[in-house]
Structures are given as structure tokens and as C-alpha cells.
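Examining the three-dimensional arrangement
Each chain, letter by letter, is given below.
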Amino acid sequence: MAFRPGNHDRAWNDPPIFSYQQGALSGDTKPEENVTSSSRKTPLNKRIAFPLSGGISKPTMTVTSPPIGLPPPCITLPISASANLPEVSNDQSSKSTLETREQLDLSLQKISNILHDCLKSYIEAEKQEDFNKRLQHLYTSWKDGKLNADIRQRLTIISESLELKFFVKAENVRVALAVDYTADCASWIMVIKNIITKMETKLSGL
């Protein structure tokens, strides 16, 4: 510790006057070193800037393996509809069409025979010619493909019911046919009604 330069004359009881411009702890420390060391200290109230990038860690995705013992998921590939279908030759296709046409002709032949027999047996002679003309419209529409499958099936049921004398069933099918396909059946449906009625009347009186 050094005395401050100046007048060194003092009284005996005057306290010593110290100089703090030199080193606080030792005389070897220079003032410039004290200033430098103090400027390196970080103030406690100084704010630190938040890092703009790289400061936040992104969550990592963990891929878990399937449980041991379970089979791996199977992957099904779409299969085209025509992949497993057998090829149909032109001969087979024409044969199938021919068989269908033959079946239609056989069904029509059976229906026409039953209606013709019923007409001759149970309808008055003076009405048979007109009824035959009307039934020809039925047969022509069948051959030309103007009657759909539902109409053809119902006509088959009616003819079979007449052959078996099931008049109630035949009449129920006839009524449904007339309601569902009025335009297609308008020219000949009443002929079938007359046949059913005449047959039921004559056979029930025996």
C-alpha cells in the first residue's frame, strides 16, 4: 500500500491516506490490466439473444418393428377381371346363341299348341278366327324379340297352368302381366282371359 503523492507533513494522529489508483492487492498490477479484466466480466443483468436457428431440437420419429411372432402384412395386387376368364371362341359363342334361339322357338311352339287346343275346344266357332288373328300378334312379337324375358316367362306359366287346369294361378299371372306390360300385351291379352274364363266355366260345370 503506497502513500498518495503530495505534502507528507502530517500530524502524529492523522490517519494515513491511501492511493487506489494502483493495484488493489499488489503494487505490480497496472491500471490498464485492471480495466481490461473488469471489462471481461459479464453483467448479471445483460440479456442474451435467443438463437434463431439450431437452438430447438426437432422430435425424432421412432419406427417400431412389428411384434415378434406375427406374420408380415400381405400385399394383394389387383387382378384384372379378364385375367382368369377362359377365352370363348367364335364357334362356342355362335353355338350358345343358336341354342338360346332354339329354346325360344321350342317354348313358343309349346305355348302356341296349348293356346290353339284350348281355343278350339272351349271357344265358340265364330270367335276363333278373330282370336287366332290376335294370337298371331303374340307369336310375331315373340319371334321378333319384342317381348322381354319376363313376359315370355309369364306366358309359359300361363300355358302350363292351363294345361294342368290351374285356372286361378293362370288368371293371377294374366292380371299381373296385363298391369305390368299393358302396351306390349294390349292386342292379345283379352284372348287369353277369354280362354281361361271359358275353360274354367265349362270344366267346373262337369
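Residue positions are counted from 1 within each chain, in the order its sequence is given. Selection of residues for local features in this predicted model requires a pLDDT of at least 70, selection of side-chain atom pairs for listing and counting requires 80 or more, and totals for whole chains, interfaces and linings are taken over all residues. The basis for every side-chain value is the complete set of heavy atoms in the structure, and neither hydrogens nor water enter the calculation.

**Topic: the confidence of the model for the protein chain**
- With 51% of its residues at a pLDDT of at least 70, the protein chain reaches an overall mean of 74.
- pLDDT measures the predictor's confidence residue by residue and takes values from 0 up to 100. Only DSSP runs of H or I covering at least 4 residues are called helices, and only runs of E covering at least 2 are called strands; the numbering of each starts at the N terminus. For the protein chain, per-element mean pLDDT is lowest for helix α1 (residues 31-39), which scores 47, and highest for helix α5 (residues 167-180), which scores 96.
- Contacts: residue pairs with any heavy atoms within 4.5 Å of one another. In the predicted structure, residues 23-39 sits below a pLDDT of 50 and forms 4 contacts with residues beyond four places in sequence or in another chain.
- Confidence over residues 92-98 falls short of pLDDT 50; this stretch has 2 contacts with residues more than four positions distant or in other chains.

**Quick look at the environment of F166**
- Mapping F166 onto the fold places it in the loop between α4 (149-163) and α5.
- Sequence-wise, F166 and E200 are 34 residues apart; in three dimensions their C-alpha atoms are separated by 9.0 Å.

**Remarks on the nonpolar core**
- L115, L138, L155, L162, L177, W188 and I195 are the most contacted members of the largest nonpolar core, which totals 31 residues.
- Contributing elements (two or more residues each) for this core: α2 (90-122), α3 (125-143), α4, α5 and α7 (189-204).
- When residues in this core are grouped by element, the largest group, 7 residues, is from α2.
- Among residues more than four places away in sequence, those in contact with L138 are L115, L147, L155 and W188. Definition used in this section: a nonpolar core is a set of buried Ala, Val, Leu, Ile, Met, Phe, Trp, Tyr and Cys residues joined via side-chain atoms within 4.5 Å. Relative accessible area decides the class of each residue, using a 1.4 Å probe on protein chains only: under 20% of the type maximum gives buried, over 50% gives exposed, and in between gives partly exposed.

**Observations regarding the packing of α5 against α7**
- For the pair α5 and α7, the least separation of the axes is 10 Å and the interaxial angle reads 165°. Looking at the two axes, α5 sits roughly antiparallel to α7. Seen from above, α5 lies across α7 with left-handed handedness. In this structure, α5 uses F167, A170, E171, R174, L177 and A178 to contact α7, whose residues at the interface are I189, I192, K193, I196, M199, E200 and L203. To get an axis, fit a line to the C-alpha atoms, keeping to the stretch in contact for a helix; angles then go from 0 to 180 degrees between the N-to-C directions. Between 65 and 115 degrees an angle is taken as roughly perpendicular, under 35 as roughly parallel, over 145 as roughly antiparallel, and anywhere else as oblique. Two helices crossing with the near one rotated counterclockwise from the far one by less than a right angle form a left-handed crossing, whereas a clockwise rotation gives a right-handed crossing.

**Focus on α4**
- Along its 15 residues, α4 runs 21 Å from first to last C-alpha, staying within 8% of the 21 Å computed at 1.5 Å per residue.
- By the burial criterion, the buried members of α4 are I151, R154, L155, I158, S159, S161 and L162. With its buried residues spanning 160° around the axis, α4 presents them on a single face.
- Any pair of nitrogen or oxygen atoms within 3.5 Å is treated as a polar contact; in protein, a donor-acceptor pairing is required on top of that, and neighbouring residues in sequence qualify only through side-chain atoms on both sides. Its side-chain oxygen 3.1 Å from the backbone nitrogen of D150, N148 forms the N-cap of α4.
- Phi turns positive, to about 65°, at K165, one or two residues after α4. Take the number of residues in a helix, subtract one, and multiply by 1.5 Å to get its expected span. This arc describes the spread of directions from the helix axis toward the C-beta atoms.

**Observations concerning the side chain of R154**
- Inspection of the secondary structure puts R154 in helix α4.
- When residues no more than four places from it in sequence are discounted, the contact partners of R154 are V173, A176, L177, D180 and Y181.

**Re the pattern of salt bridges**
- Throughout this description, the term salt bridge denotes a Lys or Arg side-chain nitrogen within 4 Å of a carboxyl oxygen of Asp or Glu. Under the defined criterion, the tally for this structure stands at 8 salt bridges.
- Between D105 and R101 there is a salt bridge, with the nearest N and O atoms lying 3.8 Å from each other. Of this pair, D105 and R101 are both found in helix α2, 4 residues apart, which corresponds to roughly one turn of the helix.
- Residues K193 and E171 are paired through a salt bridge, measuring 4.0 Å at the closest nitrogen-oxygen approach. With K193 in helix α7 and E171 in helix α5, this pair connects stretches of sequence that are 22 residues apart.
- On the basis of relative accessibility, which here comes to 28%, the residue K193 falls in the partly exposed class.
- One salt-bridge network, in which partners are shared between bridges, spans D150, R154 and D180.

**Some words on the environment of Y139**
- You can see Y139 is positioned in helix α3.
- With relative accessibility at 12%, the residue Y139 sits in the buried group.
- If near-sequence neighbours (up to four positions away) are discounted, Y139 is found in contact with L108, S112 and L115.

**Some remarks on unusual backbone geometry**
- The backbone phi angle of K165 is positive, close to 65°, even though this residue is not glycine.
- With respect to the secondary-structure elements, K165 resides in the loop between α4 and α5.
- Accessibility expressed as a relative area gives 41% for K165, which makes it partly exposed.

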